[in-house]
Amino acid sequence: MSTVLSVRDLKVSFPSEAGRVDAVRGVSFDLEAGKTLGIVGESGSGKSVTSLAIMGLLDDNAKVSGSIVYDGQELLGKSDKQLSVIRGNGMAMVFQDPLTSLTPVFTIGDQLIEALTVHRRLSKKDAWDRSVELLKLVGIPEAERRMKAFPHEFSGGMRQRVVIAIAMANNPKLIIADEPTTALDVTIQAQILELMEKAQEETGAAMIIITHDMGVVAKTADDVLVMYAGKPVEHAPVRELFYRTRMPYSIGLLGAIPRVDKTEKVPLIPIKGNPPLLINLPDACPFAARCPIAIDACREREPDLLPITTSGHTDHSVACIRANDIDDDGKIGGLPVFPIPEIPESTLAKVPREDRPITLEAVNLNKIFPLMKGAFFKRKVGEVHAVKGISFDIRQGETLAIVGESGSGKTTTLLQIMDLVEQEDGDIRIGGTSVADIKNRAEERKLRRDLQIVFQDPMGALDPRMTVWDIIAEPMLAIGMSKDDVFDRVEELMGLVGLDPAHSDRFPQAFSGGQRQRIGIARALSTNPKIVVLDEPVSALDVSIQAGVINLLDELKAKLGLSYLFVAHDLAVVRHIADRVAVMYKGSFVEHGDVDQVFDDPQHPYTKALLSAIPIPDPDIERTRERIILPVEGFDAEAIAAS
């Protein structure tokens, strides 16, 4: 096969007030036509900067060196005008957020036609016909009518389909997809991944897919490049990388992922610490400070990416001086490279569920939103039944997870509970107390001590003008605790969630994403609640950081006997953390029960579709699974169940 892209010793740096940031520090690879390269790593590892350098989309202040040869042409040194002839024609890119990729003031048709006519001489009719054909190809129904629609009239998954159609428009030889499914529901993600494969087949293009999801890599990639601190640390064919991993960092990434196909609940393996700042890096292994098997020699010089031989394969390269000491099972001297953390077993686990007290109960929960019309004089033209007759209970020391796609009613359910909304034909009871019995603010405040929440975005949930001490102390001061007791409690809470109490005088921006989420958890625990509501608490975190937060939640549940109401779209996380699960669709529970029972033997077609869409980080399993792909324009669960 012909080589479409050849990258050699690519380096990218940016000036900053603190000094030069070496974002990419020597990336080399070859990519052949029809092949897919997966690039993985934590935030800040240099994945996206590498892709932007290839496309020539970096800011003017970026200093780029090395070589990028596309289809026999050296791209470095070309002007933006010269590159724009190649971009969108020979090379195309699919970005993470489709809404920012599309111009909001132009119709979908205008943007598709522009992508075609900028690079090819086509009549208006031919450009229109080709655009309609592309929309049909990516599975958008009523393509001719939707050509006249604007981006805001499409859902997130539909917008990503349009972006893929634009990328396919001129049959490119190279498609770069930068986290193309990160912001999407798992069912939509499955559709988009199928579509990316279809786009590759239609165009015969080589593809680079940048992702943090090892399940996506297992499904789509032929080769995998693992990046850390701006540099490749492991490069191998996909089966080699998953089954004969040799770099401790790669082993850590795989060990940090919860598996939806594993019944046994063992603690995840977090990679402790944070990636280094890419300013004035010392000549040493950048992963040494976080590596559990680092030796003195690791700190003497940075290891080169060198080939190693594993079970007869020679196309496997690793930047680790201890790579040959690690066996195929990710062990060294018979012991795991990353020791498995110990999490205490809850004493409540031995108590039958029916013998434990109910901490939260919802009976016939409903929420209706009116549909209003009119610019000045609003009139009701209909209503949306967002939550329909939901009932559940959570026992002490138990986690109930609510799962479902965007718009299913999960967040509305949480808000009804957190707002203590009195129900017309139902009830919400916290620790046996009904919200209907609340007579005044004092009673409401007392009840709220038992119910706390941890939000999805840790930075958005913390006041940037308050120190960590103030953030954690605020709820305790509000309920009248003395300052001396608050001082002791803040120190205790910071230690409990794995933060250094000496850092309590710092502001949130001085902490990493995972640490900020730990601050949010400490704040939620400050009033000794019985129930903690978790709204997508790990979806904004890197997989290595996510593992530490999930382990922390498990540990706190065991130590404190907490109950969790957990909402997430990542069903692998739900399988790991939940005791019971409720599957929500269009405002109703379509399946509800023990997590292992629901995951191992799903009864409802919607649950089956959700579970079949979850990528599993195992190439052999992932590429032989049968998927239930939901129709593009919604899913009539009742009709399919009836059939």
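Residues numbered from 1 in each chain as written. Predicted model: local features only at pLDDT ≥ 70, side-chain atom pairs only at ≥ 80, totals over all residues. Heavy atoms only, no water.

Undergrad: Residues and numbers for the sheet that holds strand β5 (residues 73-74), please.
TA: Here we have four strands laid out as an open sheet, ordered β2-β1-β4-β5, and antiparallel in their pairing. Of all the strands in the sheet, the pair left with one neighbour each is β2 (21-32) and β5. Pairing of strand β1 (residues 3-14) with strand β4 (residues 63-70), which is carried by seven bridges, proceeds in the antiparallel orientation. What sits directly across from R8, in β4, is S67. (Pairing = 2+ DSSP bridges. Helix = DSSP H or I, 4+ residues; strand = E, 2+ residues; numbered from the N terminus.)

Undergrad: I'd like a description of a nonpolar patch on the surface, backed by residues and values.
TA: A contiguous nonpolar surface patch, about 330 Å² in accessible area, is contributed by F369, L371, V381 and V384. Among the secondary structure elements, those contributing two or more residues to the nonpolar patch are β15 (358-373) and β16 (379-395). Relative to the elements of secondary structure, V384 occurs in strand β16. (Patch = residues over 30% accessible without salt bridge, like charges linked within 9 Å, V, L, I, M, F, W, Y side chains within 5 Å. Areas by Shrake-Rupley, 256 points an atom, 1.4 Å probe, with all protein chains shown as cover. Salt bridge = Lys/Arg side-chain N within 4 Å of Asp/Glu carboxyl O.)

Undergrad: Please set out the packing of helix α5 (residues 124-137) against helix α7 (residues 156-168) residue by residue, giving values where relevant.
TA: Axis separation between α5 and α7 bottoms out at 9 Å; the angle between their running directions is 125°. When the axis of α5 is compared with that of α7, the two are oblique. Seen along the crossing, α5 lies across α7 with a hand that is right-handed. Residues R130, L134, L135 and L137 of α5 touch α7, and the partners they reach there are V162, A165 and M168. (Axes fitted to C-alpha atoms, helices over the stretch in contact; angles between N-to-C directions. Parallel < 35°, antiparallel > 145°, perpendicular 65-115°, else oblique. Left-handed = near helix turned anticlockwise from the far one by under 90°. Contact = heavy atoms within 4.5 Å.)

Undergrad: With reference to specific residues and values, describe the packing of aromatic side chains.
TA: One pair of aromatic rings is described through two measures. These are the centre distance and the angle between the planes. Counted by the stated rule, this structure contains six aromatic pairs. Ring centres of F392 and F589 lie 6.2 Å apart, and the angle between their planes is 40°; on these two criteria the pair is classed as tilted. With F392 in strand β16 and F589 in strand β24 (residues 588-594), this pair connects stretches of sequence that are 197 residues apart. We classify F392 as buried; its relative accessible area is 4%. Among the aromatic side chains, those forming a connected cluster through ring pairs are Y228, Y249 and F287. (Phe/Tyr/Trp six-rings, centres within 6.5 Å; stacked < 30°, edge-to-face > 60°. Buried < 20%, exposed > 50% of the residue type's maximum accessible area, 1.4 Å probe, protein only.)

Undergrad: Give a detailed account of the sheet that holds β15, specifying residues and quantitative values.
TA: Within a sheet, adjacent strands bond to each other through the backbone by hydrogen bonds, running parallel or antiparallel. Read across the sheet, four strands follow the order β16-β15-β18-β19 without closing on themselves; strand pairing throughout is antiparallel. The sheet is open, and its two edges are formed by β16 and β19 (433-434), each paired on a single side. Taken together, the twelve bridges between β15 and β16 define a ladder with antiparallel strand orientation. By the bridge assignment for β16, L360 is matched with I394. In the packing of helix α12 (residues 410-418) onto the sheet, the strands contacted are β15, β16 and β18 (427-430), and the crossing angle to β15 comes to about 115°.

Undergrad: Which residues make up the pairing of strand β17 (residues 399-403), and what values do they have?
TA: By the criterion of burial, β17 is predominantly enclosed, with five of the five residues buried. On β17, burial covers both faces: T399, A401 and V403 on one face and L400 and I402 on the other are all buried. Inspection of the sheet shows β17 paired to strand β22 (residues 563-567) by four bridges, in the parallel sense. Of the residues in β22, the one forming a bridge with L400 is L565. Of the pairings in the sheet, the one linking β17 to strand β23 (residues 580-585) comprises four bridges and is parallel in character.

Undergrad: Give me the environment of D71: which residues, what numbers.
TA: Along the polypeptide, D71 turns up in the loop between β4 and β5. On a C-alpha basis, the gap between D71 and K219 in space is 26 Å, while along the polypeptide they are 148 residues apart. Among residues more than four places away in sequence, those in contact with D71 are V4 and K173. In terms of polar contacts, D71 uses its side chain to reach the side chain of K173, at 2.9 Å. (Polar contact = N/O pair within 3.5 Å; in protein donor to acceptor, adjacent residues only side chain to side chain.)

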